[in-house]
Amino acid sequence: MPNDNFLSQVPGASALFLREDEVRRGIEYLFFAHAALWRSIDTKLAEAGLGRAHYRALYFIARQPGLTISDLLALLGITKQSLGRVVKELEARAMVTTRPGGRDRRAKELRLTDEGRAIEAAVFDLLRNAMSAAYTQAGQQAVTGFWQVSEALLPPRERERVRKLGSD
């Protein structure tokens, strides 16, 4: 029976945490953790006929109702064409609505419909469960460290945008 307490097998970072071996270990954990987290939602997304790009759009629109297309483009870092396809599909499936912006009528504001909120919440439950289990296993100090390392990986101009998510 495999050991489900994987954390107990992770060696502590050495005082020489900037050595190549230590940095490579961190990069590998990022690669594999990212892949495992997204795989945990793939089945649910497939059941709804959606992909990861659809979910990322739903997630950020849920976090900031009224988000504009250009704001979502900046958050996702994808091409306008790719986002256009995703938004068009979500609109066709009655998961997202667009309306002219309150300040700038040319800007399209995005909002989730009841259907969009339901699928976003169902998929988020899976992500929350995975993150909560990992957080519980790692402990508060490790979670704080994870957030600090993750924030430090962001370009400085992005940090404030990430901090503001969900605060409006």
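Residues numbered from 1 in each chain as written. Predicted model: local features only at pLDDT ≥ 70, side-chain atom pairs only at ≥ 80, totals over all residues. Heavy atoms only, no water.

Student: What should I look at first to understand the nonpolar core in this one?
Tutor: The tendency in soluble globular proteins is for nonpolar side chains to be buried as a group. Core analysis: the largest hydrophobic core is formed by 26 residues, its most contacted members being L50, L58, L72 and L90. For this core, the secondary structure elements donating two or more residues are α1 (20-47), α2 (52-63), α3 (69-76), α4 (80-92), β3 (108-112) and α5 (114-138). Tallying contributions element by element places α2 first for this core, with five residues. Discounting chain neighbours no more than four positions away, the residues touching L90 are L50, H54, A57, L58, M95 and V96. (Core = buried A, V, L, I, M, F, W, Y, C linked by side-chain atoms within 4.5 Å. Buried < 20%, exposed > 50% of the residue type's maximum accessible area, 1.4 Å probe, protein only. Helix = DSSP H or I, 4+ residues; strand = E, 2+ residues; numbered from the N terminus. Contact = heavy atoms within 4.5 Å.)

Student: Teacher, can you tell me more about unusual backbone geometry here?
Tutor: Comment: phi is negative for the bulk of residues other than glycine, and the bulk of peptide bonds are trans. The phi torsion at A94 lies on the positive side, around 55°, for a residue other than glycine. The residue A94 is located in the loop between α4 and β2 (96-100) in this model. Since its relative accessible area comes to 43%, A94 is described here as partly exposed.

Student: Sorry if this is basic, but what is going on with α3 here?
Tutor: Because an α-helix packs 3.6 residues into every turn, residues spaced three or four apart end up facing the same way. Those residues of α3 that sit buried are L72, L73 and L76. Angularly, the buried residues of α3 cover 105° about the axis, an arc narrow enough to put them on a single face. Residues of α3 that are buried sit in contact with α2, β1 (67-68), α4 and β3. After α3 finishes, the residue G77 shows a positive phi value of roughly 65°. (Arc of directions from axis to C-beta.)

Student: Would you mind going over the packing of aromatic side chains with me for this structure?
Tutor: Centre-to-centre distance and the angle between the planes together describe a pair of aromatic rings. Counting across every chain of the model gives five aromatic pairs. An angle of 90° between the planes, with centres 5.1 Å apart, marks the rings of Y59 and F60 as edge-to-face. Three or more aromatic residues link up through ring pairs in this structure, and these residues are W38, Y55, Y59, F60 and F124. The positively charged end of R56 is found above the aromatic ring belonging to W38, 5.7 Å away from the centroid. (Phe/Tyr/Trp six-rings, centres within 6.5 Å; stacked < 30°, edge-to-face > 60°. Lys NZ or Arg CZ within 6 Å of the ring centre and 35° of its normal.)

Student: Just checking my understanding: could you explain the packing of α2 against α5 for this structure?
Tutor: The relative placement of two packed helices comes down to the angle between their axes together with the axis-to-axis distance. As a packed pair, α2 and α5 sit with axes 10 Å apart at the nearest point and diverge in direction by 100°. As judged from the angle between their axes, α2 and α5 are roughly perpendicular. Here α2 contributes Y55, L58, Y59 and A62 to the contact with α5, which in turn contributes G116, I119, E120, V123, F124 and L127. Of the residues contributing to the contact of α2 with α5, the split by class is eight nonpolar, one polar and one charged. (Axes fitted to C-alpha atoms, helices over the stretch in contact; angles between N-to-C directions. Parallel < 35°, antiparallel > 145°, perpendicular 65-115°, else oblique. Nonpolar A, V, L, I, M, F, W, Y, C, P; charged D, E, K, R; others polar.)

Student: So what exactly am I meant to see when it comes to α2 here?
Tutor: An ideal rise of 1.5 Å per residue puts 16 Å on 12 residues; α2 measures up with 16 Å between its terminal C-alpha atoms. Three or more residues of α2 are buried, namely H54, Y55, A57, L58, F60 and I61. (Expected span 1.5 Å × (residues − 1).)

Student: I keep staring at the sheet that holds β2 and nothing clicks. Help me out?
Tutor: Paired through backbone hydrogen bonds, the strands of a sheet run either parallel or antiparallel to each other. If you trace the three strands from one edge of the open sheet to the other, you get β1-β3-β2, paired in antiparallel fashion. Here the strands that pair on one side only, and so sit at the sheet edges, are β1 and β2. Alignment of β1 against β3, held across two bridges, turns out to be antiparallel. From the neighbouring strand, T68 faces β3, where its bridge partner is E109. With respect to the sheet, α2 is in contact with β1, β2 and β3, its orientation differing from that of β3 by roughly 95°. (Pairing = 2+ DSSP bridges.)

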